[in-house]
Amino acid sequence: MPAKNTASRYGWVSLSLHWLMALAVIGMFALGIWMRQLSYYDPWYRDGPSIHKGIGILLFILLLARIGWRSMNIRPSDDPALKAWERITAHLTHYALYALMLALMVAGYLISTADGRPIDVFGLFNVPATLHGLPDQEDIAGEIHEILAWVLILLAGVHALAALKHHFINRDSTLIKMLGRDANNPKP
Amino acid sequence: MKKLIALGFTALLGFSGALHAAEYKIDTAGAHAFVQFKIKHLGYSWLYGRFNDFEGRFNYDPAKPEASTVNVTIKTASIDSNHAERDKHLRGKDFLAVDKYPTATFKSTSFKALGDGKAELIGTLTLHGVSKPVTIAVTEIGGGKDPWGGVRQGFHGTTEIALKDFGIDYDLGPASQIVELTLDIEGIAQTMM
């Protein structure tokens, strides 16, 4: 499998970035919900949020790399069976997913750095605070973070359902390309 | 007419520097007043915090201390424990639920001078939507003319409350059930009566 995309298939870099982030987004959503209801004496009370923040920062770096990689690569063409509105909706959804992830991560960063404290990433490095001390920063950023998390997970769900619909109902090449196959040679 | 009589009395008594009955506005504008708390962390250390935004008034007459009254309103969202993530948690539903209960109030019901500048102040504290009587041990710190033409009076008070009594039952552990409140207020006299 090539590293770069071609007109008919994704390279392994794009595929890895896509599936790694899919896994991370679902995992981070679940972790975020779960860690908030932990009791003070739960062994995960400190580690839960700490892991959430560390992964969040790494995911931000990965997202920038992904956007950079995407801009340097061609995209495999959409399945020819796709109608114009389907292409437009699909592409708008992709942009929305990128924008949501970016905004979600920025909001999360603004919660934890609201008082000027840095974010520790698994003891490897610190991300310093930049914008801090705004009125009610941690509360407002927190509300935005929560709302965006729900919007992201719902939109990602729509995105996944659409892929399954194309695979099982339309039986086109949309999903198999994201599974690493070539649109012109779909059988492994 | 009333004012004239009051003026006459004031003149009669003379400006000896002794304080008369007055209504005082707590000097939050100049931040000469503090609502602070401390609670044990795990039973291993004291955690300190404060409420930055509050306002209040009190009446005080050194000749008639039992007539003293005090009213304070605290904006619960102004809690500040020097850690944004903790403050966010404290404002949330596990603790103060500030969206639902944006203010906490204290209204005095009685004031008993114990002599030697000490007093016992009893009043109703409304916190987290629950109203309970609390007793504050008061020490008069001082009072008199300030350098800018006003008259000020200050007190120090301490009390303890159990979080559970006010419906805050998030489990911080057995050593962290009680919050100690330290209240320091300096009032500026508003109207000489």
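Residues numbered from 1 in each chain as written. Chains lettered and ligands numbered in written order. Predicted model: local features only at pLDDT ≥ 70, side-chain atom pairs only at ≥ 80, totals over all residues. Heavy atoms only, no water.

1. Looking at unusual backbone geometry
All names here are of chain B. We note that L42 has phi near 60 degrees; this positive angle belongs to a residue other than glycine. Tracing the backbone shows L42 in the loop between β2 (33–41) and β3 (45–51). With a relative accessible area of 31%, L42 lands in the partly exposed category. Positioned with a positive phi, H128 is a non-glycine residue whose angle comes to about 60 degrees. The exposure class assigned to H128 is buried, which follows from its relative accessible area of 13%. (Helix = DSSP H or I, 4+ residues; strand = E, 2+ residues; numbered from the N terminus. Buried < 20%, exposed > 50% of the residue type's maximum accessible area, 1.4 Å probe, protein only.)

2. With respect to the UniProt feature "transmembrane region" (unreviewed entry) in chain A
Residue and element names in this part refer to chain A. Per the UniProt record, the feature "transmembrane region" (unreviewed entry) sits at residues 12–34, 54–72, 92–111 and 147–164. Between the C-alpha atoms that bound residues 54–72 there is a distance of 27 Å. The span itself is 100% helix and 0% strand. Annotation note: span residues 147–164, helix share 100%, strand share 0%, distance between end C-alpha atoms 26 Å. (UniProt positions renumbered as here; feature names shortened; annotations may be inferred.)

3. Things to note about the interface of chain A and chain B
On the chain B side, the residues contacting the 15 residues of chain A number 16 residues. Carbon and sulfur atoms supply 47% of the area that chain A and chain B bury against each other, a total of about 1,200 Å² over both sides. Three residues, Y40, Y41 and E138 of chain A, lead the burial of chain A against chain B; their summed loss comes to 44% of the area buried on that side. If you look at where chain A meets chain B, you find 3 salt bridges. (Contact = heavy atoms within 4.5 Å. Buried area = accessible area lost by both parts, 1.4 Å probe. Salt bridge = Lys/Arg side-chain N within 4 Å of Asp/Glu carboxyl O.)

4. Structural notes on the packing of helix α4 (residues 137–168) of chain A against helix α2 (residues 84–91) of chain B
It is the contact of α4 of chain A with α2 of chain B, at a shortest axis distance of 9 Å, that shows an interaxial angle of 70 degrees. If you check the angle between α4 of chain A and α2 of chain B, you find them roughly perpendicular. Residues E138, D139 and G142 of chain A of α4 of chain A form the contact with α2 of chain B, whose own contacting residues are A84, D87, K88 and R91 of chain B. Taken together, the residues of the contact of α4 of chain A with α2 of chain B break down into 1 nonpolar, 1 polar and 5 charged. (Axes fitted to C-alpha atoms, helices over the stretch in contact; angles between N-to-C directions. Parallel < 35°, antiparallel > 145°, perpendicular 65-115°, else oblique. Nonpolar A, V, L, I, M, F, W, Y, C, P; charged D, E, K, R; others polar.)

5. Brief notes about the environment of T76 of chain B
Residues and elements named next belong to chain B. Here T76 shows up in the loop between β5 (69–75) and β6 (79–80). Among the residues examined, T76 registers a relative accessible area of 1% and is labelled buried. Separated by 29 residues in the primary sequence, T76 and T105 have C-alpha atoms spaced 9.7 Å apart. Look past the residues within four positions of T76 in its chain and what remains in contact with it is F51, L96, V98, Y101, P102, T103 and A104. Polar side-chain contacts of T76 include one of 2.8 Å to the backbone oxygen of Y101. (Polar contact = N/O pair within 3.5 Å; in protein donor to acceptor, adjacent residues only side chain to side chain.)

6. Side note on the pairing of strand β9 (residues 130–145) of chain B
All names here are of chain B. Of the pairings in the sheet, the one linking strand β8 (residues 118–127) to β9 comprises 10 bridges and is antiparallel in character. For A119, the partnering residue across the bridge sits in β9 and is V138. Here β8 hands over to β9 after 2 residues, with H128 in that stretch at a positive phi of 60 degrees. Bridging between β9 and strand β10 (residues 151–162) involves 8 bridges; their strand directions are antiparallel. Bridging across to β10, G142 finds its partner in G154. (Pairing = 2+ DSSP bridges.)

7. Remarks on helix α2 (residues 44–72) of chain A
Count 3.6 residues to each turn of an α-helix, and residues three or four apart come out pointing the same way. Residue and element names in this part refer to chain A. Its 29 residues give α2 an end-to-end C-alpha distance of 41 Å, which sits within 8% of 42 Å, the value for a rise of 1.5 Å per residue. All of the buried residues in α2 are G48, H52, G54, G56, I57, L59, L63, R66 and W69. Elements that come into contact with the buried residues of α2 comprise α1 (12–35), α3 (84–112), β1 (119–121), β2 (125–127) and α4. (Expected span 1.5 Å × (residues − 1).)

8. Notes on the nonpolar core
Residues F58 and I161 of chain B are the most contacted members of the largest nonpolar core, which totals 42 residues. Other than its neighbours up to four places away in sequence, I161 of chain B contacts L125, L127, V134, F166, Q177, I178, V179 and L181 of chain B. Grouped together as the second largest cluster of nonpolar side chains are 16 residues, F29, L97, M101 and L148 of chain A included. (Core = buried A, V, L, I, M, F, W, Y, C linked by side-chain atoms within 4.5 Å.)

9. A few points about the UniProt feature "domain: Cytochrome b561 bacterial/Ni-hydrogenase" (unreviewed entry) in chain A
In the numbering used here, UniProt assigns the "domain: Cytochrome b561 bacterial/Ni-hydrogenase" (unreviewed entry) feature to residues 9–180 of chain A. Structurally, residues 9–180 of chain A comprises 69% helix and 3% strand, and the distance from its first C-alpha atom to its last is 7 Å.

10. Points about the packing of aromatic side chains
Tallied over the full model, the rule gives 9 aromatic pairs over all chains. Their ring planes at 65 degrees and their centres at 6.1 Å tell us that W34 of chain A and W44 of chain A sit as a pair that is edge-to-face. Note that W34 of chain A is positioned in helix α1 and W44 of chain A in helix α2, a separation of 10 residues in sequence. You can call W34 of chain A partly exposed: its relative accessible area is 36%. For the ring pair F58 of chain B and F155 of chain B, a centre distance of 5.7 Å and an interplane angle of 80 degrees mean the geometry is edge-to-face. Taken together, the positions of F58 of chain B in strand β4 (residues 54–60) and F155 of chain B in strand β10 put the pair 97 residues apart, joining distant regions of the chain. This pair shows no difference in class: F58 of chain B is buried, exactly as F155 of chain B is. Through pairs of rings, three or more aromatic residues link up here, namely Y24, F58, Y60 and F155 of chain B. Between the NZ or CZ atom of K38 of chain B and the centre of the ring of W46 of chain B, over which it lies, the distance is 4.1 Å. (Phe/Tyr/Trp six-rings, centres within 6.5 Å; stacked < 30°, edge-to-face > 60°. Lys NZ or Arg CZ within 6 Å of the ring centre and 35° of its normal.)

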